[in-house]
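# An overview of the molecular structure
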Amino acid sequence: MSPSAPLAIARCATAPHAAERPPVLRERGQREVFCGLTGIVWLHRKIQDAFFLVVGSRTCAHLLQSAAGVMVFAEPRFATAIIEERDLAGMADCNDELDRVVDRLLSRRPDIKLLFLVGSCPSEVIKLDLSRAAARLSNKHAGATRILAYSGSGIETTFTEGEDACLAALVPDLPADRSGAASLLLVGALPDVVEDQFLRLFAALGIAPVHVLPARRAGAMPPVGANTRFLLAQPFLGETARALENRGAVRLDALFPFGADGTTDWLHAAATAFGIEEMHFRRTVAKGRARAKRAIAHAADRLAGKRVFFLPDSQLEIPLARFLATEVGMVPVEVGTPYLHRAHLARELTRLPAGTPISEGQDVDRQLDRVRAARPDLTVCGLGLANPLEAEGLTTKWAIELVFAPIHGFDQAGDLAELFARPLRRRAGLTV
Amino acid sequence: MQLTVWTYEGPPHVGAMRIATAMQGVHYLLHAPQGDTYADLLFTMIERRGKRPPVTYTTFQARDLGKDTADLFQTAARDAYARFQPQAMLVGASCTAELIQDDPAGLAEALRLPCPVVALELPSYQRKENWGAAETFYQLVRTLADKDARPTPREGRRPRANLLGPTALGFRHRDDVIEVSRLLETLGVDIAVTAPLGATPADLAHLGAADFNICLYPEIADTTCRWLDKTFGQATVRTVPIGHGATRDFIAEVAARAGIDPSHALDTSNLPWWSRSVDSTYLTGKRVFIFGDATHAIAAARVARDELGFEVVGLGCYNREFARDLRAAAALYAVEPLITDDYLVIEDAIQAVQPELVLGTQMERHIAKRLRIPCAVISAPVHVQDFPARYSPQMGFEGANVLFDSWVHPLVMGLEEHLLTMFRDDFEFSDANGASHLSVLSVAETGPASVSPAAVPLHHPADGPPPPAARGEDKWSADAERELLKIPFFVRGKARRNTERFAAAQGVATITLDTLYDAKAHYAR
């Protein structure tokens, strides 16, 4: 689709036959990805009165500290209850120990309104039932702190799936929406500035009420019911979507809000569902859409025709490859994703250039062989791989920045393109 | 269960990774779930290594449990050997794999790989990173050292020593090795093997051919040095050459072991004169709190008191394995030894003694920043800033120069201290600007968002607690409050706290001018 294609045509694009799409390469080997615990790094910033207590090992604590850039905060709202030898040897009852740790924590931090017990690989393997512990502790601390549990373990979750598990754990607890009126629910932890931009756009469109999951405060979590229509802001929220559907909510299918077209399509899905008149929709988004295109154009000159290779990291790979292919003219050489949610990404997949190789899962050494053979202009990869690939002469983009930085919506579309353009510009500019 | 906000050490398998990554020709097969690969970024991002650590993670998932994790391990081992062709392989389990008890040792043995395989038993729920590194190095040496290797006759050749302990991700290990090697060269001592950093398994075979060993980092190499002493009768040089005096002692000890004249080490450091020159007078009695790994903390205490004229008001370490050494050192300085890895306890201790300088790890750097106390980093755990582009050893004579500069520069300089007082009332002078070079402090004044450049950029605001001032102001009389403003800003917070503490202890309800000066007299030294 050309960037200037009219909206109507964009929305009429038909899906090619499944047979036209190349089979997805499924890999099963060493995965160079974070586990779901890493989501705590941004989730604890988003829900401002929540605390995340990982029940795990020293490795879990070390991971969080390393992934969080070591000690950014004086006393963060996350911690690890480190399982010790005496817990495993049965000298201490894990549940008693957990109660003691939670009591100590909550007496230190009475400001905490929502506590997540976060399961890890060790807690899963020893079958410590954190859901039951959460129920027990919720009773004990009733009125002061709500306690929920989810798993961020590496044996079950990959990186952003931790956010999915966290939000899915919130859903059964959400109040029932008995208003009888349709409401829109925005799902996914977005930076506040981006969330506010979207809320302004929905208000301008005339869509109301609009709720957000997760809310910024534990006491303000959105209601949900059969009249809830929800838009996923992130492509990795499969479990959360399922939980919301179990409560009667209906997912609005759309591209994910990356780039001018993605954001337009995403907003349009809501506008259609809420019966917003087409001309009003176009008028409302026109300014933002034009701004996004202008901003993207700066980077597009540098990026057009460049070949990009995505290693699996955050499940954002397919929407981002779509953005790069359709809006800045990059050529995806391979798009790797840790997990491919076929239903939620169906619309995205139809927009990828025909024949784009897609891989799911990872065998990192074999995939790096493919990277070296393809010699892409830009390789999007995790932090463990970036410097080694740079040292081999390949230009890389740290994937993690795509998760931490604000990249959604019209007014971040230029920043998103710039994230990919900067490594190339830098390499071209350096003479050392 | 232990409630942990921040950890000083990673799990023991990260220690093993530090050994494997430091060496050449070693590959480590780690039975671990996905996610444990985060440890790679410690090496590629923090240390900026241009190569991936030589580690293969088996990456088992929940659905593999109870089925074929053992098979997965063996496949990964075969593939890793075929791809990397190491001279020796390490096999082991991370914390999760330890629980599923797949027996990496037995599984690896059954494969009959065509290279030595060292199976590691690193109890993740009892031990930590340094112990894991020490144990891994020891097991490698035990397996690979040629038990028949012995030094050639001493006649007609220079003495030969092994330099043991430097690893990947070590605090300035790269530069310490260069500095100590240079020092040994000027002394006329040859280095037989430096290990683990840069060594191959083949090099480890020759360890027994050296005349003696130098234990540069006891946290890593002590176990190995003891075994080498027992097996080959090699004595160990144990003085750690951090600081001017310790470097001289190190030279004396090496010379005694090698049977050579120590005066050949002609080099010296600038530290003695820099410290004796009058500009340094203002360093006298600066109260310093020291925390780190035991080796670096103990060495720092000696330099602080004996070579810079500071007063040691706190001394501690996070590694219990060396608690005895630290207690002995604390006795020398008449301070209570602080042996803990509970970050919150250390923060309380620093707050309690109100030091003028903190020498610590990256953790203490954050505590100090929050409390607005100058700080220099002396020990791991490391941070991307601890791998400077420039040559910056901690050991040897150049190391002593580095210590002088990096510990003194965070302090307000002597002359500036007086100038600030002199110009305080000048209408053109705003003490809110702070001292010209104290960027850390002046940034801290502007708000809590002064996050450090970290291993990973994080675009979220920090949620630091409110600044420690602004408490109990109603207790102050107006004239005392005015007088307080005449005290230079960089000691004002301390004056306020001391006065309030004094007033509370004396049962004084309202702080007057007299209370202020009574407190000053009380705390005078």
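Within any chain, residue numbers begin from 1 and follow the written order of that chain's sequence. Chains and ligands are labelled by the order in which they are written, letters from A for the one and numbers from 1 for the other. Side-chain atom pairs in this predicted model are given and counted only at pLDDT of 80 or more, local residue features only at pLDDT of at least 70, and totals for whole chains, interfaces and linings cover all residues. Excluding hydrogens and water, the side-chain values take into account all heavy atoms of the structure.

## A few points about the overall build of chain A
Rules: Secondary structure elements follow DSSP: runs of H or I of four or more residues count as helices, runs of E of two or more count as strands, with numbering from the N terminus. Just to be clear, the radius of gyration here is over C-alpha atoms, and the globule rule we use is 2.2 Å times residues to the power 0.38. Partly exposed describes any residue whose relative accessible area lies between the buried limit of under 20% and the exposed limit of over 50%, with all areas from a 1.4 Å probe on protein chains only and scaled to the type maximum. When checking whether two residues touch, look at their non-hydrogen atoms; a contact exists if any pair is within 4.5 Å. We get accessible surface area from the Shrake-Rupley algorithm with a probe of 1.4 Å; when it comes to residues, only the shown protein chains can shield them. Think of it this way: Lys and Arg go in the positive column, Asp and Glu in the negative one, and His and the chain ends go nowhere. Every charge is mapped onto a representative atom, which is NZ of Lys, CZ of Arg, CG of Asp or CD of Glu.
Summing up its helical and strand segments, chain A has 18 helices and 14 strands in all. Compactness check: chain A gives a C-alpha radius of gyration of 22 Å against a globular reference of 22 Å for 432 residues, within 12% of the reference. Judged by the C-alpha coordinates and their principal axes, chain A covers about 65 × 55 × 40 Å. Every one of the 432 residues in chain A was classed for burial, and the buried ones make up 64%. Expressed as a percentage of contacts within chain A between residues at least 6 apart in sequence, the contacts between residues at least 24 apart total 75%. If you sum the accessible surface of chain A, you get close to 15,100 Å²; carbon and sulfur atoms cover 53% of it. In chain A, 51 positive and 49 negative side-chain charges are present, and the distance between their average locations comes to 4 Å.

## Here's the deal with the packing of aromatic side chains
Basically, it comes down to this: Stacked, edge-to-face and tilted labels apply to pairs of Phe, Tyr and Trp rings (six-membered ring for Trp) whose centres lie within 6.5 Å, assigned for plane angles under 30 degrees, over 60, and everything in between, in that order. Note on criteria: charge over ring means Lys NZ or Arg CZ within 6 Å of the ring centre, with the direction from the centre no more than 35 degrees off the ring normal.
Scanning all chains against the criterion turns up 13 aromatic pairs over all chains. Among the aromatic residues, those joined into a cluster by ring pairs are F34, W42, F159 and F404 of chain A. The ring of W476 of chain B has R496 of chain B sitting right over it, with the charged end atom 5.3 Å from the ring centre.

## Things to note about the interface of chain B and chain A
Cut-off, in case you're wondering: Put simply, buried area is the surface a 1.4 Å probe can reach on two separate parts but cannot reach once they are joined, added for both. Any Lys or Arg side-chain nitrogen located within 4 Å of an Asp or Glu carboxyl oxygen qualifies as a salt bridge.
Between chain B and chain A, the contact holds 68 residues from the first and 77 residues from the second. Taking both partners together, chain B and chain A bury about 6,600 Å²; carbon and sulfur atoms supply 62% of that area. Together, M1, L3 and W6 of chain B form the three largest contributors to the area buried by chain B at its contact with chain A, with a combined 15%. At the junction of chain B and chain A, the tally comes to 5 salt bridges. The shortest N-O distance in the salt bridge between R58 of chain A and D341 of chain B comes to 3.9 Å.

## Describing the sheet that holds strand 3 (residues 78-82) of chain A
What counts is decided by this rule: Strands are treated as partners if at least two bridges between them are detected by DSSP. Convention adopted: a line fitted to C-alpha atoms gives each axis, helices being fitted over their contacting stretch, and angles between N-to-C directions are expressed from 0 to 180 degrees.
As summarised here, the arrangement of the 5 strands in space is 5(A)-4(A)-2(A)-3(A)-1(B), forming an open sheet in which the pairing is mixed. Looking along the sheet, the strands with just one partner apiece sit at the ends: strand 5 (146-151) of chain A together with strand 1 (2-4) of chain B. Taken pair by pair, the neighbouring strands of this sheet meet at an average axis angle of 25°, ignoring direction. The sheet contact formed by strand 3 of chain A and strand 1 of chain B spans 3 bridges and is antiparallel. What sits directly across from A81 of chain A, in strand 1 of chain B, is L3 of chain B. This element, helix 5 (residues 94-108) of chain A, spans strand 2 (50-56), strand 3, strand 4 (114-119) and strand 5 of chain A together with strand 1 of chain B of the sheet and lies at about 150° to strand 2 of chain A.

## Things to note about the domain arrangement of chain A
To be explicit about the condition: Just so you know, the domain bounds were taken from an automatic or database domain assignment.
Assigned domains within chain A: domain 1 (18-31 + 293-430), domain 2 (36-157) and domain 3 (183-280). Each of domain 1 of chain A and domain 2 of chain A was reduced to a C-alpha centroid, and the two centroids are 33 Å apart.

## Focus: the environment of L252 of chain A
Residue and element names in this part refer to chain A. By the element assignment, L252 lies in the loop between strand 9 (250-251) and helix 11 (259-273). Once the C-alpha coordinates of L252 and H268 are considered, the two residues, 16 residues apart in sequence, prove to be 9.9 Å apart. The residues touching L252, leaving out its near neighbours within four places in the chain, are L184, R229, F230, L231, A269, A270 and A273.

## Regarding the pattern of salt bridges
Tallied over the entire structure, the rule returns 53 salt bridges over all chains. We note a salt bridge from D173 of chain A to R146 of chain A, for which the minimum N-O separation is 2.2 Å. Pair noted here: D173 of chain A is in the loop between helix 8 (161-170) and strand 6 (183-187) and R146 of chain A is in strand 5, with a separation of 27 residues, a long-range link. Among the salt bridges present, the one from D341 of chain B reaches K128 of chain B, with a minimum N-O distance of 2.8 Å. Of this pair, D341 of chain B sits in the loop between strand 12 (337-339) and helix 14 (343-353) while K128 of chain B is found in the loop between strand 5 (117-119) and helix 6 (129-144), placing the two residues 213 residues apart along the sequence. In this structure, D341 of chain B and K128 of chain B share a single accessibility class: buried.

## Looking at the nonpolar core
Basically, it comes down to this: Among buried residues, the Ala, Val, Leu, Ile, Met, Phe, Trp, Tyr and Cys ones that are joined through side-chain atoms within 4.5 Å form a nonpolar core.
Counting residues in each nonpolar core, the largest one holds 238 residues, and the members touching the most others are F116 and F202 of chain A together with I290 and L315 of chain B. Not counting chain neighbours up to four residues away, the residues in contact with I290 of chain B comprise A297, A300, A301, A304, V312, G314, L315, G316, L359 and I378 of chain B. Among the nonpolar cores identified, the runner-up in size contains 26 residues, and L106 of chain A together with L3, C95 and Y125 of chain B belong to it.

## Points about the packing of helix 7 (residues 173-187) of chain B against helix 10 (residues 244-258) of chain B
Residue and element names in this part refer to chain B. What counts here: Angle categories are assigned with fixed cut-offs, so that under 35 degrees is roughly parallel, over 145 is roughly antiparallel, 65 to 115 is roughly perpendicular, and the rest are oblique. Throughout, a crossing is termed right-handed when the near helix is turned clockwise from the far one, and left-handed when it is turned anticlockwise from it by less than a right angle. In this classification, the charged set is Asp, Glu, Lys and Arg, the nonpolar set is Ala, Val, Leu, Ile, Met, Phe, Trp, Tyr, Cys and Pro, and all remaining amino acids, among them Gly, are polar.
Orientation of helix 7 relative to helix 10, taken along the N-to-C sense of each, is 50°, at an axis distance of 11 Å. Relative to helix 10, the element helix 7 is oriented oblique. Remark: the crossing between helix 7 and helix 10 carries right-handed chirality. Judged by residue contacts, V180, L183, L184 and L187 of helix 7 engage T247, F250, I251 and V254 from helix 10. A class-by-class count of the residues in the contact of helix 7 with helix 10 yields 7 nonpolar, 1 polar and no charged.

## Topic: empty space enclosed by the protein
Rules: Think of a 1 Å grid over the protein atoms and nothing else: a 1.4 Å probe that fits but is trapped marks a cavity, an open set flanked by protein within 12 Å on at least five of seven lines marks a pocket, and residues with an atom within 4 Å of a point count as lining. Grid points are joined across faces, edges and corners, and a volume is the space filled by probe spheres set on the points.
This model, assessed by the stated rule, comprises 13 cavities of 30 Å³ or more. Taken together, 21 residues make up the lining of the largest cavity; nearest its centre are H62 of chain A together with Y8, E129, P381 and V382 of chain B. Only helix 3 (58-67) of chain A together with helix 1 (12-22), helix 2 (39-46), helix 6 and helix 15 (362-371) of chain B provide two or more residues apiece to the lining of the largest cavity. Each residue belonging to the lining of the largest cavity can be placed in one class, and the counts come to 11 nonpolar, 7 polar and 3 charged. Of the pockets and cavities examined, the second largest cavity occupies roughly 120 Å³. Lining the second largest cavity, in full, are E32, V33, F34, F159, D313, G382, L383, G384 and I400 of chain A together with T37, Y38 and L41 of chain B.

## Focus on the packing of helix 12 (residues 294-307) of chain B against helix 13 (residues 323-332) of chain B
Residues and elements named next belong to chain B. Direction vectors running N to C along helix 12 and helix 13 enclose 15°, while the axes themselves pass 10 Å from each other. What the angle tells us is that helix 12 and helix 13 run roughly parallel. Handedness of the helix 12/helix 13 crossing: left-handed. Of the residues in helix 13, those touching helix 12 at A294, A297, I298 and R305 are D325, L326, A329 and L332. For the contact of helix 12 with helix 13, a count of residues per class yields 6 nonpolar, no polar and 2 charged.

## A look at helix 19 (residues 478-485) of chain B
Residue and element names in this part refer to chain B. As a reminder of what qualifies: The reported arc concerns the directions from the helix axis to the C-beta atoms and nothing else.
Of the residues making up helix 19, those classed as buried are A480, E483 and L484. The arc enclosing the buried residues of helix 19, seen along the axis, measures out at 105°, which places them on a common side. Every exposed residue of helix 19 that faces more than 90 degrees away from the buried side is listed here: A478, R482 and L485.

## Looking at the sheet that holds strand 7 (residues 190-195) of chain B
Strand pairing within a sheet occurs via backbone hydrogen bonds; the two strands may be parallel or antiparallel. Residue and element names in this part refer to chain B. Here 4 strands make up an open sheet; going across it, the order is 7-6-8-9 and the pairing parallel. The open sheet is flanked by strand 7 and strand 9 (235-237), the only strands paired with a single partner. Strand-to-strand, the axes of this sheet are offset by a mean angle of 30°, without reference to chain direction. As judged from the 4 bridges shared by strand 6 (residues 160-164) and strand 8 (residues 212-215), these two strands associate in the parallel manner.

## Overview of the confidence of the model for chain B
Residue and element names in this part refer to chain B. To keep things clear, this is the line we draw: How sure the predictor is of each residue is captured by pLDDT, a score from 0 to 100.
Per-residue confidence for chain B gives a mean pLDDT of 88, with 87% of residues at or over 70. pLDDT under 50 marks residues 436-472. Its contacts with residues more than four places away, or in other chains, come to 75 contacts. If you check the scores for this complex, the pTM reads 0.89 and the ipTM reads 0.91.

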